[in-house]
Amino acid sequence: MAGARPNFPKAAPVIRALADRGIRQHLVHTGQHYDERMSDVFFRQLGLPEPDQNLAVGSGSHASQTGETMVRLEALFRESRPRLVVVYGDVNSTLAAALVAAKLTIPIAHVEAGLRSFNRSMPEEINRLVTDRLADLLFATSPDALVHLGNEGIAAEKVFFVGNPMIDTLLANLHLFEASAIGRQLNLPDQYAVATLHRPANVDDPGDAAELVKVMHGVADRIQVVVPLHPRGRENLAHAGFFRHPGIRVIDPLGYIEFLSLVRGARAVVTDSGGVQEETTVLGVPCLTLRAETERPVTISHGTNRLVTREELVESVTGLLSAERRTDGWPVPPLWDGRAGERIAEVIARFVGTD
Ligand code: UD1
Ligand code: UDP
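As recorded in an unreviewed UniProt entry, the protein chain goes by UDP-N-acetylglucosamine 2-epimerase (Non-hydrolyzing) and comes from Micromonospora craterilacus. In the Sequence similarities (unreviewed entry) part of its UniProt record, the protein chain is described as follows: "Belongs to the UDP-N-acetylglucosamine 2-epimerase family."

A. Layout of the site of ligand 1. Taken together, 19 residues lie around ligand 1, and D35, M38, S59, V91 and P231 are the ones closest in. Per-class residue counts for the shell around ligand 1 are 7 nonpolar, 7 polar and 5 charged. Per-domain counts for the shell around ligand 1 show at least three residues from each of domain 1 (7-163 + 339-352) and domain 2 (174-322).

B. Summary view of the domain arrangement of the protein chain. The domain boundaries assigned to the protein chain delineate domain 1 (7-163 + 339-352) and domain 2 (174-322). Here the C-alpha centre of domain 2 lies 27 Å away from the C-alpha centre of domain 1. Between domain 1 and domain 2, the contact holds 14 residues from the first and 11 residues from the second. For the side of domain 1 that touches domain 2, the element with the most residues is helix α2 (residues 36-45), which contributes 5 residues. Of the residues in the side of domain 1 that touches domain 2, the class split is 7 nonpolar, 4 polar and 3 charged.

C. Just the sheet that holds strand β3 (residues 85-88), in detail. Read across the sheet, 4 strands follow the order β3-β4-β5-β6 without closing on themselves; strand pairing throughout is parallel. Pairing within the sheet leaves two strands with one partner each, and these edge strands are β3 and β6 (159-161). Adjacent strand axes in the sheet meet at a mean angle of 20°, parallel and antiparallel pairs treated alike. Where strand β5 (residues 137-140) lies against β6, 3 bridges are found, and the strand directions are parallel. Opposite A140, over in β6, you have F161 as the bridge partner.

D. Just the packing of helix α10 (residues 206-220) against helix α15 (residues 310-322), in detail. Orientation of α10 relative to α15, taken along the N-to-C sense of each, is 10°, at an axis distance of 9 Å. The orientation of α10 with respect to α15, classified from their angle, is roughly parallel. Facing α10, whose interface residues are E211, L212, V215, G218 and V219, α15 presents R310, L313, V314 and V317. Among the residues making up the contact of α10 with α15, the classes are represented as 6 nonpolar, 1 polar and 2 charged.

E. Geometry of the pairing of strand β10 (residues 268-271). Of the two faces of β10, the one holding A268 and V270 and the one holding V269 and T271 are both buried throughout. When strand β7 (residues 192-196) meets β10, the two strands line up parallel, connected through 4 bridges. Residue T196 lies in a different strand from β10, and its bridge partner there is T271. Where β10 lies against strand β11 (residues 287-289), 3 bridges are found, and the strand directions are parallel. What sits directly across from V269, in β11, is C287. Each parallel crossover has a hand, and the one from β10 via helix α13 (residues 275-283) to β11 is right-handed.

Cut-offs applied
Residues numbered from 1 in each chain as written. Chains lettered and ligands numbered in written order. Predicted model: local features only at pLDDT ≥ 70, side-chain atom pairs only at ≥ 80, totals over all residues. UniProt positions renumbered as here; feature names shortened; annotations may be inferred. Near = placed C-beta within 6 Å. Nonpolar A, V, L, I, M, F, W, Y, C, P; charged D, E, K, R; others polar. Domains from an automatic or database assignment. Contact = placed C-beta atoms within 7 Å. Helix = DSSP H or I, 4+ residues; strand = E, 2+ residues; numbered from the N terminus. Pairing = 2+ DSSP bridges. Axes fitted to C-alpha atoms, helices over the stretch in contact; angles between N-to-C directions. Parallel < 35°, antiparallel > 145°, perpendicular 65-115°, else oblique. Buried ≥ 20, exposed ≤ 12 C-beta atoms within 10 Å, placed from the backbone. Right-handed = clockwise from strand over helix to strand, strands pointing away.

Shown next as structure tokens:
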């Protein structure tokens, strides 16, 4: 089951590894994300199979999106009675699938279990808490996740530390990430920064968006900033004059290969994304995360990530620009080695058995 952009790079290696083991799969796309650049391009570039079903749920409030997904999934699961439902990450599609499967007593595997921001005003935190509570197999990407699940009373036998399937996808495609090619395509200077912004806390409120625009313009005074903009914040950021600074280059969301190529060549990344914190860690690109906390602390302890406030951002970017750029090897979080999909498939194969 997959539904939104961050699900696709996580699902690709798991689906491949399950197929290698001969496990019969049925891929459901909920349709939470539906634009070519938010969905289709990932299926093409990551070699994901065509979904067996697209529920075409689309956008809406939390309740309507989650509820509509549940109604459509319930009909499907009742008919097909899968032996296991595999869900990814922390989006509304993840929660909806977990709730429906649990009520139909179908076992659930949660890939990327145990991440916690401890900020319940984030919709993703609610989705993670509930999904983990209901899951029968919990696949963790980092050691902190094991601690959280233990603290929440989840039985250790259900929890598996497997590494990070998002990073499997990154490592499998690394040879395709050509910073120079995307630089030429977008006509970029040698030194540029990349920004991705879509968290409700940053872009939903017009006042917050205006503050954000002010500091991003401060960054753009120092370095060209390329912004593949998520549709969520477009209107508020545009209204606050984001596009008006000559140092800000807003473009449509990029395909996976183009996006990671752009990030690989960047001097710095400013983001509020979850996945981008992880990807910059492995690519060794400095990352400034515009959030008060992260559910991915391993990207700070083992990686290139730093949390910054809006007030700190310009100074932090200025500091990064005067620092040496890392060019040789660097440590990455444990088990982020490109084999998480295989480990997950091994556990699932044991769980479901073979026909
Ligand atoms: C969702 C996830 C978030 C994740 C993000 C990744 C939830 C609660 N949030 O947020 O955790 O970080 O995806 O990208 O599930 N839209 C389009 N085209 C699309 C999809 C969305 O234009 O293909 C626009 C619509 O105006 C929509 C808005 O984006 O209302 C928000 O989409 P939605 O799926 O509700 O949440 P995201 O902000 O994308
Ligand atoms: N991504 C992409 N093109 C873009 C922005 C992001 O291919 O223009 C990829 C990138 O690999 C990222 C993933 O989409 O890790 C999910 O990103 P997003 O920020 O949407 O979701 P989050 O991880 O915050 O839930």
